[in-house]
Amino acid sequence: MSFLKTLSIQHLRNLNEVSIELSHKINIFYGDNGSGKTSILEAVALVGLGRSFRSHKTRSLVNHQQTQLTVFTHLDVSDIDVGSASIPVGVQKSRNGTGAIRVSGETIRSAAILAKQLPLLIINAGSFQLIEGSPVQRRQFLDWLVFHVKPEFAELWRALQKALKQRNSLLRRDKITRSDIKPWDHELVRLSQVIDSFRSEVFLSLISCFERCGQEFAVDQLNIDMEYYRGWDKDLSIEAALENDFERDCRDGYTHQGPQRADIKIKSKSKPAVDVLSRGQEKSLICALTIAQAHLYQQSTSGNCVFLIDDLAAELDKQHIETLTKWLTELNAQVLVTGVNKEELFSPWNKDKTDVAVFHVKHGEVESVELLAAELGQ
Ligand SMILES: Nc1ncnc2c1ncn2[C@@H]1O[C@H](COP(=O)(O)OP(=O)(O)O)[C@@H](O)[C@H]1O
Ligand SMILES: [Mg+2]
């Protein structure tokens, strides 16, 4: 189990001084447009990813009147190896681009440690990129799971990036021969094979899990077909693909084929999903895929994910909202969910609402709302 017990935010967009205690289950944030709801989820993303999901420019996150922002949380973690612990995590970002991440009082250099401790799954307006965007988004979607279930993956991926960078800079030199590039090809071949085997294994589990939850989201009626593309010609080994592409790679100065080009091809009724699905159908597909991710994560790690769901009702009808909330309840996940309408956000959760915390967000201030006995169904 991992969950955020407290959340303090200073000077992030319009949130100047927020300090709240969260429920380890459902946390509802409601308020008018522009009140600061998405910014709260951004604060959690800073803690879990080391960056925002909305903007890569730190400058835009820091409150206009301030020079730096901070987000602080106590992360409650319990697992079989470590027992239970409360880990203080702080992230600080300055307008000039510098920043620091501290975990249990120590400064850490890589946000990967945060991602391991706090496995975040996000459903927001950016999620449509999974269907409409470039292969990068679909690769990241698959790799999120691979990263969590195959501990060696992060290191392999870093090594691949390094080997590619070196191979590409060699390709840009004059008069380069096949034998000059051979040592890098050896390294790329080795890494590509392992990365591909991890990805294809995880992809297969994801598909079978997706087929089960897809039915409840009525996604099965869309005849979704997903195919993993490993990043190089399906009839060739990676060695042969690199060998065949040598001239093209030299001409363009980069490596055309390899795991860095992997993708998931998503089709509906044999046509690219992006061309045929409505926004609502895309959203249902995204929900089913994200729930499948969370299931597999739980199965393989015995941990739970933390969900950030921005604007729950956007593009989802009542039935789909109920399906999503039902799955989230079953997953036992901590959920932070936002929306404009308090009732609409509150009613779909099951009868026992004792684990639901409600917060009203108003002009950058966040206030915990006491629930009435009637609302708790008592
Ligand atoms: N750097 C900033 N400094 C101060 N206010 C900001 C900054 N960036 C955005 N805002 C304002 O913060 C508010 C919060 O936005 P947001 O979290 O997206 O609201 P919501 O999700 O509730 O609609 C908006 O009114 C926006 O104009
Ligand atoms: Mg918003």
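Because the structure is a prediction, the values reported are computed rather than measured. (Residues numbered from 1 in each chain as written. Chains lettered and ligands numbered in written order. Predicted model: local features only at pLDDT ≥ 70, side-chain atom pairs only at ≥ 80, totals over all residues. Heavy atoms only, no water.)

1. Details of the pattern of salt bridges
Stage number 1. In the structure shown here, the tally under the stated rule is 20 salt bridges.
Stage number 2. Arg190 serves as the salt-bridge partner of Glu187, at 3.4 Å between the closest nitrogen and oxygen. In this pair, Glu187 and Arg190 are both assigned in helix H7 (residues 178–216), three residues apart and thus about one turn of the helix distant.
Stage number 3. For Arg190, a relative accessible area of 44% corresponds to the partly exposed category. (Salt bridge = Lys/Arg side-chain N within 4 Å of Asp/Glu carboxyl O. Helix = DSSP H or I, 4+ residues; strand = E, 2+ residues; numbered from the N terminus. Buried < 20%, exposed > 50% of the residue type's maximum accessible area, 1.4 Å probe, protein only.)

2. Details of the sheet that holds strand S10 (residues 263–268)
Stage number 1. Ordered in space as S9-S10-S11, the three strands form an open sheet in which the pairing is antiparallel. The strands lining the two open edges of the sheet, one partner per strand, are strand S9 (224–229) and strand S11 (271–272).
Stage number 2. Across the sheet, helix H5 (residues 135–149) is in contact with S9 and S10; its angle to S10 comes to roughly 105°.
Stage number 3. Against the sheet, H7 engages S9 and S10, with an angle of about 170° to S9. (Pairing = 2+ DSSP bridges. Contact = heavy atoms within 4.5 Å. Axes fitted to C-alpha atoms, helices over the stretch in contact; angles between N-to-C directions.)

3. Some remarks on the domain arrangement of the protein
Stage number 1. Domains assigned within the protein are domain 1 (1–119 + 305–378) and domain 2 (127–302).
Stage number 2. The C-alpha centroid of domain 2 is placed 29 Å from the C-alpha centroid of domain 1.
Stage number 3. At the interface, 18 residues of domain 1 touch 19 residues of domain 2.
Stage number 4. Note on domain 1 versus domain 2: buried area summed over both sides is about 1800 Å², and carbon and sulfur give 65% of it.
Stage number 5. Taken as a group, Glu315, Trp327 and Leu331 account for 33% of the area that domain 1 buries against domain 2, more than any other trio of residues on that side.
Stage number 6. Between the two partners, domain 1 and domain 2, sit one salt bridge.
Stage number 7. Two residues, Glu216 and Lys326, come together in a salt bridge whose shortest N-O distance is 2.5 Å.
Stage number 8. At the level of elements, helix H3 (112–117) and helix H12 (318–331) are the ones that each hand at least two residues to the side of domain 1 that touches domain 2.
Stage number 9. Tallied by class, the residues present in the side of domain 1 that touches domain 2 amount to 12 nonpolar, two polar and four charged. (Domains from an automatic or database assignment. Buried area = accessible area lost by both parts, 1.4 Å probe. Nonpolar A, V, L, I, M, F, W, Y, C, P; charged D, E, K, R; others polar.)

4. Notes on the packing of helix H6 (residues 153–171) against H7
Geometry of a packed helix pair, given as the angle between the helix axes and the separation of the axes.
Stage number 1. Packing of H6 against H7 brings their axes to within 9 Å, and their N-to-C directions diverge by 150°. Viewed along their axes, H6 and H7 adopt a mutual orientation that is roughly antiparallel. The hand of the H6/H7 crossing is left-handed. Residue-level inspection shows Phe153, Leu156, Trp157, Ala159, Leu160, Ala163, Leu164, Gln166, Arg167, Leu170 and Leu171 of H6 in contact with H7, the latter providing Asp180, Ile181, Trp184, Asp185, Glu187, Leu188, Leu191, Ser192, Val194, Ile195, Phe198 and Arg199.
Stage number 2. Per-class residue counts for the contact of H6 with H7 are 16 nonpolar, two polar and five charged. (Parallel < 35°, antiparallel > 145°, perpendicular 65-115°, else oblique. Left-handed = near helix turned anticlockwise from the far one by under 90°.)

5. A few points about empty space enclosed by the protein
Stage number 1. Counted by the stated rule, this structure contains one cavity of 30 Å³ or more.
Stage number 2. Considered as a void within the structure, the largest cavity measures approximately 30 Å³ in volume.
Stage number 3. When contributions to the lining of the largest cavity are tallied by element, the ones reaching two or more residues are H7 and helix H8 (238–244).
Stage number 4. The element best represented in the lining of the largest cavity is H7, accounting for four residues.
Stage number 5. Tallied by class, the residues present in the lining of the largest cavity amount to three nonpolar, no polar and four charged. (1 Å grid on protein atoms, 1.4 Å probe; cavity = no way out; pocket = protein on both sides within 12 Å on 5 of 7 lines; lining within 4 Å. Points joined across faces, edges and corners; volume = space filled by probe spheres on them.)

6. Quick notes on the packing of aromatic side chains
Stage number 1. One pass over the full model with this rule turns up four aromatic pairs.
Stage number 2. Ring geometry for Phe203 versus Tyr228: centroids 5.9 Å apart, planes at 35°, classification tilted. Of this pair, Phe203 sits in helix H7 while Tyr228 sits in strand S9, and the two are 25 residues apart along the sequence. The two residues Phe203 and Tyr228 agree in class, both being buried.
Stage number 3. Geometry around Phe147 places Lys116 over its ring, the cationic atom sitting 3.9 Å from the centre. (Phe/Tyr/Trp six-rings, centres within 6.5 Å; stacked < 30°, edge-to-face > 60°. Lys NZ or Arg CZ within 6 Å of the ring centre and 35° of its normal.)

7. Digging into the side chain of Asn63
Stage number 1. Relative to the assigned elements, Asn63 resides in the loop between helix H2 (58–61) and strand S4 (68–79).
Stage number 2. Among the residues examined, Asn63 registers a relative accessible area of 8% and is labelled buried.
Stage number 3. Of the polar contacts made by the side chain of Asn63, one reaches the backbone oxygen of Arg13; its length is 2.6 Å.
Stage number 4. Residue contacts for Asn63: discarding those within four places in its chain leaves His11, Arg13, Asn14, Asn16 and Arg95. (Polar contact = N/O pair within 3.5 Å; in protein donor to acceptor, adjacent residues only side chain to side chain.)

8. So, the site of ligand 1
Stage number 1. Contacts to ligand 1 come from 15 residues, most closely from Gly34, Lys37, Thr38, Ser39 and Val62.
Stage number 2. One nitrogen or oxygen atom from the side chain of Thr38 is found 2.7 Å from an oxygen atom belonging to ligand 1.
Stage number 3. With respect to ligand 1, the side chain of Ser39 contributes an N or O atom lying 2.5 Å from an oxygen atom.
Stage number 4. Relative to its free-state accessible area of 580 Å², ligand 1 is covered by the protein chains to the extent of 74%.
Stage number 5. The residue inventory of the shell around ligand 1, partitioned by class, reads one nonpolar, 10 polar and four charged. (Near = heavy atom within 4 Å. Areas by Shrake-Rupley, 256 points an atom, 1.4 Å probe, with all protein chains shown as cover.)

9. A look at the layout of surface pockets
Stage number 1. What the largest pocket holds in volume is close to 1400 Å³.
Stage number 2. Residue lining of the largest pocket: 41 residues in total, with Leu49, Arg51, Gln140, Phe141 and Trp144 positioned closest to the centre.
Stage number 3. Of all the elements in the fold, those that place two or more residues in the lining of the largest pocket are helix H1 (37–49), H3, strand S8 (120–123), helix H4 (129–132), H5, H6 and helix H11 (279–301).
Stage number 4. Counting residues per element, the lining of the largest pocket draws most heavily on H5, at nine residues.

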